[in-house]
Amino acid sequence: MWLAQKVVRLVVVLFAVSVLTFLLTSLLPGSPVNDILGPRASDPVLSARVRHDLHLNDTLPVRYEHWLGGVVRGNFGRAYNDNEKVTDIIRQRLPVTIELLLAAQLLSLAVAIPLALLSAYRAGSRLDRAITATSFGALSVPDFVIAIVLVFVLAVRAHWLPATGYTHLTDSVTGNLRSIALPTITLALPLSAVYTRLLRSDLIATLQEEYILMARAEGLPTRRILLRHALRPSSFSLLTVLGINTGALIGGAVIVEYLFALPGMGSRLVDAIGRREYIIVQGLVLVIAVAYVLANFLVDVLYGVLDPRVRHA
Amino acid sequence: MTLLAQTALATPLLDVRDLVVHLRAPGGTVRAVDGVSFRLAPGEVLGLVGESGSGKTVMARALLGLTPRHAIARASGEVLFLGRDLRALGERALRDVRGREVAMVFQDPMTALNPVMTIGAQLAEPMRHHLGLGRREARTRAIELLERVGIPSPQRRVSDYPHHLSGGMRQRVVLAIALSCGPKLLIADEPTTALDVTVQAQILDLIGDLQHEQQMAVVLISHDLEVVGGRADRIAVMYAGRIVEQAAARAVFDAPRMPYTEALLRSVPRLDQPSHTRLEAIPGRPPGLDAALVGCRFAPRCPRADDRCRSEEPALGADDAAPDHLYRCWYPV
Amino acid sequence: MPDLATVAPASGAPAPDASLPTAGRRRALGLSFWAPAAWIALVAFGAAFAAVLPLKSPTRSDFAHIAAVPGTGGHLLGTDEIGRDILSRLVYGARVSLTVGLVAVAVGLVVGGAIGLLAGYHRGKTETVLMGIVDVMLAFPALVLVIAVTAFLGQSLRNVTVAVAIVAVPAFARVARSATISCVHRDFVTAARGMGATTWRVLRREVLPNAVLPVAAFALVVVGVAIIAEGGLAFLGLSVPPPHPSWGSMIYGGKNKLADGTAPFISLIPAGVMFLTVLSFNVVGDHLRSRFDTRAGVL
């Protein structure tokens, strides 16, 4: 069946991802022994013990097996230096990143869908050209520039919103919203530009189809035609990219998280790489990569649900 | 009283007066419809015949105001439906006419149906919008309509998607949608061109049945005279944006006046001719509609053309003996 | 870091950008094409001939003019937070940005394009394997890959370029595959194969010319993405090490003076230049796409 095929592929890709993650971090330069023991690394007894504890004497495949076995059981290992459990790190950091990316996606859709509809319906008009030009502009600004400009304008000058820091949802809802407002806008700006252009493009193509003309000939109102007839067949590219982005943003919002001091996955990952905390890097990268693959998989399945032709192709 | 006589007395359902539609094109302007006039009585079937490039599709769409606004270079004339000029109506008022009083059927059933909506949903939509039917009512009506157009097991088909159906079935669905609100006029733009030959006859028969049942007027557009042949009360022949002959169907077939019509009739292959009879094609091609045209537009391809034809365009006129048979030729057949 | 996959159109044919579908379909190459093209040419010229242009040193500080406003002390665009001339740093920084942008994209285009072409043409197992590898590569957060590469190989212009190229390959593979699939099924390819053409010949003469166009248009957009990517890396201190200037590191250097409002131009000038450059590539790429997108207009 169509679904079964995709699940098999998913499993294979996930497996490959785990192998690659492991290889990547295992091959990074620097020895964990030095990092843990510091100056005491010259002591042969101590370093031998650390090597044994970390299974560093085993061959690569054995180490991989050991690591994967642990992962499957929910044990991602512990950081070398402070013995922090990687799973704890993930549990703390992941929700923050997810909240940020969901907010950014929602905001960009809220902006992109109406703009795209307007633009496509009045394709070629001055409004359309203005929207398209603005989209181009928004696409061309790097996120770190948006971030620092926003901070400059809204936080420093106007004092409306906090420049950095994160307030948890459980502590204060308004505080939480205010703390993610700027980072959300930063992320949403280029996203909404991409979505607007994508949706507009597909909408224009759909609006040329004969069934749209037929709907007009039936005397149906324009808004209905746009929303009910045109939007659905035009959403495929948008949905695909939406899904891909959701997966990608888990690891991709790094700069924004860093600049706004948000305790998310990306910022922790950068720290870990810098501090050579490879176990942490391994665990976080695995989660990020798996999330991406799963998101893609879900998008694929959703395709089949939305476009009945795909299921029966 | 004969239908024709009744027709002469009744007020026309549709009265198109000197319709002109010129379109913008990369090279300049295309005079797709260059002064078309005809009338249609209630319940009458008018067959509109023309080669591709004659402007018939543009005309069909222009009747309902479906030509994209930005593409129109020039437009004038009146389209009187029950006395109201459709061209003068605003978009909102037009929408009330479309689907409800005047319906349209398109050529390619593969592309005329929305691929991501069920048949039932697409059928129900105009009824819910124009007639205010509730969801369940509309679904019941939809099933009835499917049955009426000859689709087997309509209760199941109602939840199907268009790609589950064959071409002929889809066209039946398109017809059902068009008729759902009981329109008085149906414009069928090449309804069978995209279908297999065997299915074509079925669809045309269906249109004929429905037309009788609903006492609907039909404008049946085709490039194929055979399609229009037995089904129309009157036939209008269109060439290069103009009507060049218009008469009762019988008259057009038995005694065509315009050489073009005659050539069209002759070019249809017949089974009773001896085998290997050469097909008679009309030499040349229809004029590009962007050039300014001088004289009779058929002159370049007409075997009877002379200098008068080439310099002066004939007006649409008739013989005193047959005032209902209009034609546009200096030297009629 | 912007994800290249988001810029790549999804499965299926690349989304056509049909501007108004009527007369004037082939947008005349007006100002909206030549202006950005001229800007790109200007930047490229500066990058190429930086050494022979009459510029101040990009690395030596002029202690008499720290954070000088543009126009003062002989510095056309002012100086940065430790007194270095902004204009010359911009020009030298352009070298980094353009090298990464153009070279990384070129490599990604050739390698990724080849993969995508083969996958799209042969389909079946070849496609599954190739695109499986591509999917796995795409699953990795781009930043991690790049950081890993630079950590592995050291921070230098060459390595940053290699890293961005690696990230670009899978995105191009996807686009090339879509483009190939959408023309492989067209009749003229079947006709060529029916006439007995070998795979190589079919690819070269029928598929490639048609698939190249959407891929090329995509490539220009990716150049913009790559420039931003390098900018982000430089901002994090992971690109070419100081004192070599890079637009991203210039923006980072001026961050504090922007936050307190004393000398916002230190960040904003390089940000503006980066913006204009990326915008230019985007606009030119879009022109290319709409030029070669031959779709029948409505009517």
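Note that this is a predicted model, so its numbers are computed, not measured.

Requested: an account of the overall build of chain B, with residues and values cited.
Counting its secondary structure elements, chain B contains 13 helices and twelve strands. A compact globule built from 333 residues would reach a C-alpha radius of gyration of about 20 Å, and chain B, at 21 Å, matches this within 12%. Seen along its three principal axes, the alpha-carbon backbone of chain B occupies a region of about 65 × 50 × 50 Å. Split into buried and exposed, the 333 residues of chain B put 46% on the buried side. Long-range contacts, defined as pairs at least 24 residues apart, comprise 65% of the intrachain contacts of chain B with a sequence gap of at least 6.

Could you give an account of the interface of chain A and chain B, with specific residues and numbers?
You'll often see interface size given as the accessible area lost when the parts meet. Across the boundary between the two partners, chain A contributes 18 residues, which contact 25 residues of chain B. Secondary-structure elements contributing two or more residues to the side of chain A that touches chain B are helix H9 (210-217), helix H10 (222-252) and helix H14 (308-311) of chain A.

Any chance you could break down the confidence of the model for chain C for me, citing the residues and the numbers?
Residue and element names in this part refer to chain C. In this model, chain C carries a mean pLDDT of 77, and residues with pLDDT of at least 70 account for 83%. Taken together, the stretch residues 1-26 has pLDDT below 50 and engages in 90 contacts with residues farther than four places along the chain or on a different chain. The complex model carries a pTM of 0.79, and its ipTM stands at 0.82.

Could you give me a rundown of the packing of helix H5 (residues 86-121) of chain A against helix H8 (residues 173-207) of chain A, with the residues and numbers involved?
Residues and elements named next belong to chain A. Interaxial distance between H5 and H8 falls to 6 Å at its minimum, and their mutual angle equals 35°. As for the relative orientation of H5 and H8, their crossing is right-handed in sense. When the residues that make up the contact of H5 with H8 are grouped by side-chain class, the tally is 22 nonpolar, five polar and two charged.

Tell me about the packing of helix H8 (residues 167-179) of chain B against helix H9 (residues 197-214) of chain B, and please be specific about residues and values.
Residue and element names in this part refer to chain B. Across the interface, H8 lies against H9 with an axial gap of 10 Å and an inter-helix angle of 15°. What the angle tells us is that H8 and H9 run roughly parallel. The two elements H8 and H9 cross, and the hand of that crossing is right-handed. Residue-level inspection shows Gly 167, Gly 168, Gln 171, Arg 172, Leu 175 and Leu 179 of H8 in contact with H9, the latter providing Val 199, Gln 202, Ile 203, Leu 206, Ile 207, Leu 210 and Gln 214.

Would you mind going over the pairing of strand E6 (residues 102-105) of chain B in detail, with residue names and values included?
For a regular strand, the rule is simple: side chains alternate between the two faces of the sheet. Residues and elements named next belong to chain B. The side-chain alternation of E6 yields two buried faces, one formed by Val 102 and Met 104 and the other by Ala 103 and Val 105. With four bridges connecting them, E6 and strand E7 (residues 185-189) associate as parallel partners. Considered in E7, the bridge of Val 102 is made with Leu 185.

Describe the sheet that holds strand E12 (residues 326-327) of chain B, naming the residues involved and giving the relevant values.
Residue and element names in this part refer to chain B. One open sheet holds the eight strands; their spatial order is E6-E7-E8-E3-E9-E10-E12-E11, and the pairing between them is mixed. Pairing within the sheet leaves two strands with one partner each, and these edge strands are E6 and strand E11 (317-318). Bridge count between strand E3 (residues 45-49) and strand E8 (residues 217-222): five bridges; the pairing is parallel. Directly across from Leu 46, in E8, lies its bridge partner Val 219. H8 contacts E6 and E7 of the sheet and is inclined by roughly 170° relative to E6.

Give me the lowdown on the sheet that holds strand E1 (residues 14-25) of chain B, citing residues and values where you can.
Residues and elements named next belong to chain B. The antiparallel open sheet is built from four strands, whose spatial order is E2-E1-E4-E5. Only two strands of the sheet have a single partner each, and these edge strands are strand E2 (28-40) and strand E5 (84-85). The sheet contact formed by strand E4 (residues 72-81) and E5 spans two bridges and is antiparallel. Counterpart to Leu 80 in the pairing with E5 is Asp 85. Together, E1, E2 and E4 form the strand contacts of helix H2 (residues 56-63), whose direction differs from that of E2 by roughly 65°.

Summarise the pairing of E3 of chain B; cite the residues concerned and give the values.
All names here are of chain B. Most of E3 is tucked away: five of the five residues are buried. Across the two faces of E3 the burial is the same, with Val 45, Gly 47 and Val 49 and Leu 46 and Leu 48 all buried. Where E3 meets strand E9 (residues 234-239), four bridges bridge the pair, whose relative direction is parallel. Bridge pairing in E9 links Leu 46 to Arg 234.

Could you give an account of H8 of chain A, naming the residues involved and the relevant values?
Counted at 1.5 Å a residue, the expected span for H8 of chain A with its 35 residues is 51 Å, but the 42 Å between its end C-alpha atoms falls short. The buried fraction of H8 of chain A amounts to 28 of the 35 residues, a majority that puts the element mostly inside the structure.

Let's hear about helix H5 (residues 119-130) of chain B: which residues, and what values?
Residues and elements named next belong to chain B. With respect to burial, H5 is a largely interior element, ten of its twelve residues being buried. Every buried residue belonging to H5 is among Ile 119, Gly 120, Gln 122, Leu 123, Ala 124, Glu 125, Pro 126, Met 127, His 129 and His 130, and all of these are buried. Buried-residue contacts for H5 involve helix H6 (135-148), helix H7 (154-157) and H8. At the exit of H5 stands Gly 132, carrying a positive phi of roughly 70°.

Explain unusual backbone geometry to me, using residue names and the numbers behind them.
Residues and elements named next belong to chain B. Of note, the phi angle at Leu 82 is positive, near 50°, even though the residue is not glycine. Counting through the fold element by element, Leu 82 comes out in the loop between E4 and E5. We classify Leu 82 as partly exposed; it has 16 C-beta atoms within 10 Å. Not every positive phi belongs to a glycine, and Gln 215 is a case in point at roughly 50°. With respect to the helices and strands, the residue Gln 215 is situated in the loop between H9 and E8.

Requested: an account of the environment of Ala 71 of chain B, with residues and values cited.
All names here are of chain B. Within the secondary structure, Ala 71 is located in the loop between H2 and E4. For Ala 71, a count of 21 C-beta atoms within 10 Å translates into the label buried. Sequence-wise, Ala 71 and Val 21 are 50 residues apart; in three dimensions their C-alpha atoms are separated by 10.0 Å.

The rules we used
- Residues numbered from 1 in each chain as written.
- Chains lettered and ligands numbered in written order.
- Predicted model: local features only at pLDDT ≥ 70, side-chain atom pairs only at ≥ 80, totals over all residues.
- Helix = DSSP H or I, 4+ residues; strand = E, 2+ residues; numbered from the N terminus.
- Rg over C-alpha atoms; globule rule 2.2 N^0.38 Å.
- Buried ≥ 20, exposed ≤ 12 C-beta atoms within 10 Å, placed from the backbone.
- Contact = placed C-beta atoms within 7 Å.
- pLDDT = per-residue confidence, 0-100.
- Axes fitted to C-alpha atoms, helices over the stretch in contact; angles between N-to-C directions.
- Left-handed = near helix turned anticlockwise from the far one by under 90°.
- Nonpolar A, V, L, I, M, F, W, Y, C, P; charged D, E, K, R; others polar.
- Parallel < 35°, antiparallel > 145°, perpendicular 65-115°, else oblique.
- Pairing = 2+ DSSP bridges.
- Expected span 1.5 Å × (residues − 1).

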